[in-house]
Amino acid sequence: QVQLVESGGGLVQAGGSLRLSCAASRSIFSINVMGWYRQVPGKQRELVASITSGGIRNYADSMKGRFTISRDGAKNTVYLQMNSLKPEDTAVYYCNAHTIQYTLAYDYWGQGTQVTVSS
């Protein structure tokens, strides 16, 4: 089991920055992949960025160069630094923990945090 608590969302003007935080209830190095997803009403949840326990990062194409995922193992926290925000980045952002035990995969989600970018 993993509990995830996100924070850091809010309202920002286009071109601005926000940093999201995701605090996990256990060591993030014990979690195979930590990721950030986002969802707007009527659309599927989409991957924003992820980081493996070994430190390999992955970004959605539209976020490359603007968003950065990082982590602090001492705080069991993963961050998403979002720069040069655009109105189309407006969404609810969710933290995800993906774990694999033997042949079984588990996904845990945070409650989500709203990010609104005004034009």
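Residues numbered from 1 in each chain as written. Predicted model: local features only at pLDDT ≥ 70, side-chain atom pairs only at ≥ 80, totals over all residues. Heavy atoms only, no water.

*Asks:* Quick one: what's the story with the pattern of salt bridges, residue by residue and with numbers?
*Replies:* In this structure the tally under the stated criterion is 4 salt bridges. Between glutamate 46 and arginine 38 there is a salt bridge, and its shortest N-O distance comes to 2.7 Å. Looking at arginine 38, the relative accessible area reads 8%, which means it is buried. (Salt bridge = Lys/Arg side-chain N within 4 Å of Asp/Glu carboxyl O. Buried < 20%, exposed > 50% of the residue type's maximum accessible area, 1.4 Å probe, protein only.)

*Asks:* Explain the pairing of strand E10 (residues 104-109) to me, using residue names and the numbers behind them.
*Replies:* Of the strand pairs in this sheet, strand E9 (residues 91-101) and E10 are connected by 6 bridges, and their pairing is antiparallel. Bridge pairing in E10 places asparagine 96 opposite tryptophan 109. Hairpin connection from E9 to E10: 2 residues lie between these consecutive antiparallel strands, with tyrosine 102 at a positive phi of about 55°. (Pairing = 2+ DSSP bridges. Helix = DSSP H or I, 4+ residues; strand = E, 2+ residues; numbered from the N terminus.)

*Asks:* So what about the nonpolar core? Which residues, and what values?
*Replies:* Here is a general trend for soluble globular proteins: nonpolar side chains tend to be buried in one another's company. Leu4, Met34, Trp36, Leu80, Met82 and Tyr93 are the most contacted members of the largest nonpolar core, which totals 30 residues. Among the elements of the structure, strand E3 (18-24), strand E4 (33-39), strand E5 (46-52), strand E7 (67-72), strand E8 (77-82), E9 and strand E11 (113-118) are those that each provide at least two residues to this core. (Core = buried A, V, L, I, M, F, W, Y, C linked by side-chain atoms within 4.5 Å.)

*Asks:* I'd like to hear about the sheet that holds E8, residue by residue, with values.
*Replies:* Reading across the sheet, the 4 strands line up as E1-E3-E8-E7 and stay open at both edges, with antiparallel pairing between neighbours. Both edges of this open sheet fall to strand E1 (4-7) and E7, since each of them pairs with a single strand only. Neighbouring strand axes in the sheet, compared pairwise and without regard to direction, differ in orientation by 15° on average. (Axes fitted to C-alpha atoms, helices over the stretch in contact; angles between N-to-C directions.)

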